Amino acid sequence: MSIDLETAARVAKLARIRVDEDALPAMAEEFNTILGFIEQLGEVDVEGVEPMTSVTPMRLKRRDDVVTDGHRQKEVLSNAPDAREGFFAVPKVVE
Amino acid sequence: MSDLNRLTIAEARDKLRAKEVTSIELTEACLSAIEGAGALNAFIHHTADLAREQARAADTRLQKGEAPAMCGIPLGIKDLFCTKGVPSQAASGILNGFKPEYESTVTQNLFDAGAVMLGKLNMDEFAMGSSNETSVYGNAVNPWRRGNDETALTPGGSSGGSASAVSADLCLAATGTDTGGSIRQPAAFTGITGIKPTYGRCSRWGIVAFASSLDQAGPMTKSVRDAAIMLQTMCGHDPKDSTSADLPVPDFEAMLSGDIRGKVIGIPREYRMDGMPEEIEKLWSDGTDMLRDAGAEIRDITLPHTKYALPAYYVIAPAEASSNLARYDGVRYGHRAKLDQGDGITEMYEKTRAEGFGPEVKRRVMIGTYVLSAGFYDAYYNRARKVRTLIRRDFEEVFAQGIDAILTPATPSAAFGLGEMEKADPVQMYLNDVFTVTVNLAGLPGIAVPAGLDRQGLPLGLQLIGRPWDEGDLLNTAYALEQAAGFVAKPAKWW
């Protein structure tokens, strides 16, 4: 399995991280080193083994579906890079 | 009274209760020690005013009597913990300026018990690293040196600032977190004790998430007794974390008898790695002898899937990280990139994340994205989760055979020089976690205890792995090991 430049660019796009074109070859090489290491997992016989979903077998707790918190607009927005009139502000999304 | 910052939690607690010292005196001693230790770059956000305020409140409480064990104890808090109104940025540029409006459950538990926060501690960015070299604040430095050699060494990672601060007596103890070894490896590199409890013991609420199925908080302390005292306060059920265990927390300190007669200690043959340094091998066999001499039965065991733990970890942890770190989009908190004319929301995400994340974080987020992407999910992610099942099963089988705890080295080497791994490929750095990562994958408790010095005078640690939810028994075995090893060395002050 080898990652080419096109795959590296696609992964960067999916991860929403801008990567300059000239940084792609080094990145692809690093990916290949790491994936080469991960490839070892192919040696393991996993026939009939369930993938782990919870490391400590436990039933998730349930609670009544009621409002437990709220009315915290000021706190919610207090760390926003750009907040206006009680909302998060972002560049135009709708064409 | 001088050197109050050098006290253990247990010593300080007894002196506070006997009214021999006050919390404000302890706190001032630590604040001066911190002031003189800029060269270690361990504390990266200082909260002296808050510390004094908390110390005065603790003293009032102590005056009234019946204060909890942690009351008035000055601590350092890893930057991964959200602390209300205090910068909490997981050592990342993307959380620049972030001041949470809430308190993490673990720090809240500590504060409720009267503990004092001196400041926030350096770490690897988003806890991704084994040397504290990926931090936006720069490297934390190990107070230990190789004899008279002035080379700056790593305190380990990701809880490098915590390890450096405790080892250098800048605080009485510190919080750490451990996803693949981030408490135990730095503890071993700096000659201190660090325990990662069973997954679910400590609430993860308010701790910046790296890999949610692996992350656990734990104490980093100067002794096993201190680890027992502080862990007790940190854990407990929390409805705000759905994976938090609703189980009673025993009195860990009361379980420290040092009597391990009849306990069965497993020595896993798969941990004897090719090319393991002789000194690590010797430390391990010395530790085995110590436990045998203390009356434990030593048994060779096998954990056949050990070899696959690191590769499985480097699928699962990045996969979870890519999902957890998707929230850093420049909208709700932290950094947002300056946009060019015509840039839309996608450009905002891409530029913000390119600027805000460091290289190791980007690498892991992208590896995680890749292994979760269409066509590779089964080949990588599902296969790794199946291997994880097998790794846990290995442990279940040896525990079912009557093993009480497992003894291994904590790290494959002593602390290395900062910058020494720069040219190595990322996988070389990942090998630091080879002895610790199995414990996270299996959700077990593990503790690193300092057990000796190498030829260059650097500390080395041993790891004990326990049964799930049996931290009390594990701490007691660690206590017996600590007593037998008699590790008392401290780094010579150069900073």
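Residues numbered from 1 in each chain as written. Chains lettered and ligands numbered in written order. Predicted model: local features only at pLDDT ≥ 70, side-chain atom pairs only at ≥ 80, totals over all residues.

### Remarks on the overall build of chain A
Selection rule: A run of H or I in DSSP becomes a helix once it reaches four residues, and a run of E becomes a strand once it reaches two; helices and strands are each numbered from the N terminus. Note on method: radius of gyration uses C-alpha positions; expected globular size equals 2.2 Å times residues raised to 0.38. Three exposure classes are used, all based on how many other C-beta atoms lie within 10 Å of a residue's own C-beta (placed from the backbone): buried at 20 or more, exposed at 12 or fewer, and partly exposed between those limits.
Helix and strand content of chain A: three helices and two strands. Here the C-alpha radius of gyration of chain A, 23 Å, is well above what a compact globule of 95 residues would show, namely 12 Å. Along the longest, intermediate and shortest principal axes, the C-alpha atoms of chain A span 55 × 45 × 25 Å. Within the span of chain A, comprising 95 residues, buried residues form 15% of the whole.

### Focus: the overall build of chain B
Rules: The contact criterion used is a C-beta to C-beta distance within 7 Å, with each C-beta placed from the backbone.
Scanning chain B from N- to C-terminus turns up 15 helices and eleven strands. In terms of overall dimensions, chain B is globule-like: its C-alpha atoms have a radius of gyration of 21 Å, near the 23 Å expected for 495 residues. The buried share among the 495 residues of chain B stands at 62%. Pairs at least 24 apart in sequence give 77% of the contacts found in chain B among residues at least 6 apart.

### Some words on the sheet that holds strand β5 (residues 193–196) of chain B
Backbone-to-backbone hydrogen bonds join strands into a sheet, with any given pair of strands oriented parallel or antiparallel. Residue and element names in this part refer to chain B. We apply this condition: When DSSP finds at least two bridges between two strands, those strands are taken to pair. Lines fitted to C-alpha atoms define the axes here, with helix axes fitted over just the stretch in contact, and angles between the N-to-C directions of these axes take values from 0 to 180 degrees.
The strand order β1-β3-β2-β4-β6-β5-β10-β11-β9-β7-β8 describes an open sheet built from eleven strands, whose pairing is mixed. Both outer strands of the open sheet, β1 (43–46) and β8 (297–301), are each paired with one neighbouring strand and no more. Averaged over all pairs of adjacent strands, the angle between their axes in this sheet comes to 30°, without regard to strand direction.

### Some words on the confidence of the model for chain B
Where we set the bar: Note: pLDDT gives the predictor's confidence per residue, expressed from 0 to 100.
Within chain B, residue pLDDT values average 97, and 100% of them lie at 70 or more. ipTM for the predicted complex: 0.95, alongside a pTM of 0.97.

### Examining the nonpolar core
Defined as follows: Joined through C-beta atoms within 7 Å, a set of buried Ala, Val, Leu, Ile, Met, Phe, Trp, Tyr and Cys residues constitutes a nonpolar core.
Among the nonpolar cores identified, the biggest contains 172 residues, and L75 and L464 of chain B are the most heavily contacted of them. Considering each element in turn, this core owes the most residues, ten residues, to helix α9 (residues 309–324) of chain B.

### Points about the interface of chain A and chain B
So the rule is basically this: Charged means Asp, Glu, Lys or Arg here, nonpolar means Ala, Val, Leu, Ile, Met, Phe, Trp, Tyr, Cys or Pro, and polar covers whatever is left, Gly included.
Of the residues lining the interface, 37 residues belong to chain A; the matching set on chain B comes to 56 residues. Residue assignment for the side of chain A that touches chain B shows that the elements contributing at least two residues are α1 (5–14) and α2 (24–38) of chain A. Examining the composition of the side of chain A that touches chain B, we find that six residues originate from one element, α2 of chain A, more than from any other. Its residues placed into classes, the side of chain A that touches chain B shows 24 nonpolar, five polar and eight charged.

### Observations regarding helix α8 (residues 278–293) of chain B
Residue and element names in this part refer to chain B. So the rule is basically this: Here the expected span of a helix is defined as 1.5 Å times the quantity of residues minus one. Working note: the arc is built from the helix axis to C-beta atom directions.
The terminal C-alpha atoms of α8 lie 22 Å apart, and with 16 residues this matches the ideal 22 Å at 1.5 Å per residue to within 8%. Where α8 is concerned, the buried positions are I280, L283, W284, G287, M290 and L291. In an axial view of α8, the angular spread of the buried residues amounts to 120°, which keeps them on one side of the axis. Of the exposed residues in α8, the ones pointing more than 90 degrees away from its buried face are E278, S285, D289 and D293. Those residues of α8 that are buried lie in contact with β7 (264–268), β8, β9 (405–409), β10 (446–453), β11 (459–466) and α15 (471–485). Just downstream of α8 lies G295, where phi reads positive at about 105°.

### Concerning unusual backbone geometry
Residue S158 of chain B is reached from G157 of chain B by a cis peptide bond, and omega for that bond is 10°. A positive phi angle is found at E85 of chain A, which is not glycine, with a value near 50°. Here E85 of chain A is to be found in the loop between β1 (83–84) and β2 (87–88). On the basis of neighbour counts, which here come to 5 C-beta atoms within 10 Å, the residue E85 of chain A falls in the exposed class.

### With respect to the packing of α1 of chain A against α2 of chain A
Residues and elements named next belong to chain A. Counted only if it meets this: With respect to orientation, any angle under 35 degrees is reported as roughly parallel, any angle over 145 as roughly antiparallel, any angle of 65 to 115 as roughly perpendicular, and every other angle as oblique.
Across the interface, α1 lies against α2 with an axial gap of 9 Å and an inter-helix angle of 90°. With respect to their mutual orientation, α1 and α2 come out roughly perpendicular. Packed against α1, whose contacting residues are L5, A8 and A9, the element α2 presents L24, P25, M27, A28 and F31 at the interface.

### Concerning the environment of A174 of chain B
When you line up the elements, A174 of chain B lands in strand β4 (residues 173–178). Once residues within four sequence positions are removed from consideration, A174 of chain B is found in contact with L75, G76, K78, L121, S162, A165, V166 and M220 of chain B.

### Thoughts on the pairing of strand β2 (residues 74–78) of chain B
Residues and elements named next belong to chain B. The buried count for β2 comes to five of five residues, which makes it a mostly enclosed element. The alternating pattern of β2 places P74, G76 and K78 on one face and L75 and I77 on the opposite face, and all of these are buried. With five bridges connecting them, β2 and strand β3 (residues 116–121) associate as parallel partners. Looking across to β3, one finds that P74 is bridged to V116. Both β2 and β4 contribute to a ladder of two bridges, which runs parallel. What sits directly across from G76, in β4, is A174.

### Let's talk about helix α1 (residues 9–17) of chain B
Residues and elements named next belong to chain B. Here α1 has its buried residues at I9, A12, R13 and L16. Down the axis, α1 shows its buried residues gathered within 100° of arc, on one side only. Of the residues trailing α1, K19 is marked for its positive phi of about 60°.

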